[in-house]
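Overview (structure and organization)
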Amino acid sequence: MAERDDPGIIGRRVQQLRTERGLTQKQLAEGAYTPAYISTLEAGRVRPSEEALRHIAARLDVAYEELATGRPAHLATNLRLRLTDAQRTLATGEAQAAAEQYAALLEEAQAHGLDAECAAALLGLGECALESGDLVVGRIRFEQAEKRLADAPLPIRVPALRGRAVAHYLAGELRYACYLLESALDELNRTGLHDPGALVLLYASVIAPYMDMGAHARAAQAAEFALALAPQVQDPALVARMHRSVARTLLAEGRIAEADASLAKAAELYRQLQIRTELASCHWMRGYLYAQDGQLDRAESELREARAILAAKRATLYTSQVVVELADVLHRRGKSEEAAELLREVLGDLSSERGALHSAAAHRLLGIIAEDAHDTETAEEHYVRALSLLERAGAAGDLADLCRLLGDLFRRTGRVEAALDAYRTGLGHQSAPGTTTLGPAPAHPPL
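Residues numbered from 1 in each chain as written. Predicted model: local features only at pLDDT ≥ 70, side-chain atom pairs only at ≥ 80, totals over all residues. Heavy atoms only, no water.

If you check an unreviewed UniProt entry, the chain appears there as Tetratricopeptide repeat protein from Streptomyces xiangluensis.

Right, here's the structure in full:
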């Protein structure tokens, strides 16, 4: 039951409604109370019982909830239904329209002091911001949602916390994203708050930053835990997201067929749910999978499909990221000119604070294309810019590979000492991938 307003506010509300209906205090009190009691109640000098308020509500012909709280009857239920509609709008690819729905719902929920509905609207606005690539606004919205839920149990706060971690991850802040996700996992598992949905969401979300930091063992273990917990999860969208994330660790272990099967499961669930962004991500991941397996024609087809879905949704950041991977496939297929043109088009949408890893990947590939064209000066410029982005993000595996490319370029141009320095730097990043920047692994769930 909703918490009641204080006696003074209720008293003024009773007086206003009574006056609007042309009733006297005696008429309102009739049958159970005295006019003096109504007078005292309207003056805010007595806290009315639930029984008294129900009597008065019936005489005033209003719902008890509206009289006690000032909120129209069933307001919270109505808001939750409309929040579901906004979520569906976002899922089917209309981030701007969804943001407008969420903003209106937030204003209404704030006006009536409904914290849970405010948090849900803020969470939706955060997801809309991620869709449109506005990572700063997204992070702020997720932080605001967490504050609204400050007194709620951790499993309730996990979606907002996970959103904030994703915003930091997309901004290239891998270590901090891992810290946020691992801290939540550790607290859930150590304190016995074993909510399967919250755990699967966190494990699925931490795989990507683990992989980019070179912490492959932790990524594989997170995937193992997510798969083990999945049968206890009722939300099909969450199960699909988990399959999509797990596919990345399977691919890293060379388990191509299993990765493809996992992505197929995810894609089918997203089709059934009509969640366009996540379906695009499945095409994206399958394109990456086929590219790693040397099936470049299939990779190009999947990545073009992902790009088309995301571009139609105006999901600019994700579209730019897909384009970088498509350009890599095109280059490997001998279409370097088209690849370079695509990369130059999207670099304006990427930066150290917005898609840092894919910005680095774009510069790396432009460097390779320039080297192929014997333009070593341009190649070196792109490699150095990529190196700066990767060092800031702490992407160990990619750093090692880039140092090798830079060292090879220095060696070919006769700069032996510079080449040795680059190789040493690369070896340093490869010696203990992902371990020097991450603390102890979080506690394990009881499986």
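On we go.
Looking now at the UniProt feature "coiled-coil region" (unreviewed entry) in the chain. The feature "coiled-coil region" (unreviewed entry), as annotated in UniProt, sits at residues 256-316 in this numbering. Along residues 256-316 one finds 87% helix and 0% strand; the C-alpha atoms at either end are 29 Å apart. (UniProt positions renumbered as here; feature names shortened; annotations may be inferred. Helix = DSSP H or I, 4+ residues; strand = E, 2+ residues; numbered from the N terminus.)

Attention now moves to the nonpolar core. Counting 114 residues, the largest nonpolar core has Leu130, Leu170, Leu202, Tyr203, Met242, Leu343 and Tyr383 as its most contacted members. Beyond its immediate chain neighbours, meaning those up to four positions away, Leu202 contacts Val158, Leu161, Leu181, Ala184, Leu185 and Leu188. Core analysis: the second largest hydrophobic core is formed by 21 residues, Leu79, Ala86, Leu90 and Ala145 among them. (Core = buried A, V, L, I, M, F, W, Y, C linked by side-chain atoms within 4.5 Å. Buried < 20%, exposed > 50% of the residue type's maximum accessible area, 1.4 Å probe, protein only. Contact = heavy atoms within 4.5 Å.)

With that settled, the discussion passes to helix α17 (residues 296-312). For α17, built from 17 residues, the straight-helix expectation of 24 Å at 1.5 Å per residue is met to within 8% by its first-to-last C-alpha distance of 24 Å. What α17 keeps buried is the set Leu296, Ala299, Glu300, Glu302, Leu303, Ala306, Ile309 and Leu310. Elements in contact with the buried residues of α17: α16 (276-292) and α18 (316-332). Positive phi shows up at Arg314, right after α17, with a value of about 60°. (Expected span 1.5 Å × (residues − 1).)

If you walk through the whole model with that rule in mind, you get 3 aromatic pairs. Above the face of the Tyr64 ring, Arg54 is positioned so that its terminal group lies 4.0 Å from the ring centre. (Phe/Tyr/Trp six-rings, centres within 6.5 Å; stacked < 30°, edge-to-face > 60°. Lys NZ or Arg CZ within 6 Å of the ring centre and 35° of its normal.)

In the contact formed by α16 and α18, the axes pass within 11 Å of each other and the chain directions differ by 25°. Classified by the angle between their axes, α16 and α18 sit roughly parallel to one another. Judged by the sense of rotation from one axis to the other, the crossing of α16 with α18 is left-handed. Counted together, Trp284, Tyr288 and Ala291 of α16 and Tyr318, Gln321, Val322, Glu325, Val329 and Arg332 of α18 form the full contact between these two elements. Here the residues of the contact of α16 with α18 sort into 6 nonpolar, 1 polar and 2 charged. (Axes fitted to C-alpha atoms, helices over the stretch in contact; angles between N-to-C directions. Parallel < 35°, antiparallel > 145°, perpendicular 65-115°, else oblique. Left-handed = near helix turned anticlockwise from the far one by under 90°. Nonpolar A, V, L, I, M, F, W, Y, C, P; charged D, E, K, R; others polar.)

Positionally, Ser205 belongs in helix α12 (residues 196-213). For Ser205, a relative accessible area of 11% gives the class buried. Engagement of the side chain of Ser205 in a polar contact is seen with the backbone oxygen of Leu201, the distance being 2.7 Å. Aside from chain neighbours lying at most four places away, what touches Ser205 is Arg162 and Leu181. (Polar contact = N/O pair within 3.5 Å; in protein donor to acceptor, adjacent residues only side chain to side chain.)

Bringing the side chain of Glu117 into the picture now. By the secondary structure assignment, Glu117 is in helix α8 (residues 115-132). Overall, Glu117 belongs to the buried group, its relative accessible area being 7%. In contact with Glu117, other than residues within four places in its own chain, are Ala76, Leu79, Arg80, Leu83 and Ala109.

It is worth spelling out the confidence of the model for the chain at this point. In low-pLDDT segments, the atomic positions of the prediction should not be examined closely. For the chain, mean pLDDT is 88; residues scoring 70 or higher make up 96% of the total. The low-confidence segment residues 431-437 (pLDDT under 50) makes 10 contacts with residues lying over four places distant or belonging to another chain. (pLDDT = per-residue confidence, 0-100.)

Within this structure's numbering, the places UniProt gives as "domain: HTH cro/C1-type" (unreviewed entry) are residues 14-67. Taken end to end, residues 14-67 comprises 65% helix and 0% strand; its first and last C-alpha atoms sit 7 Å apart.

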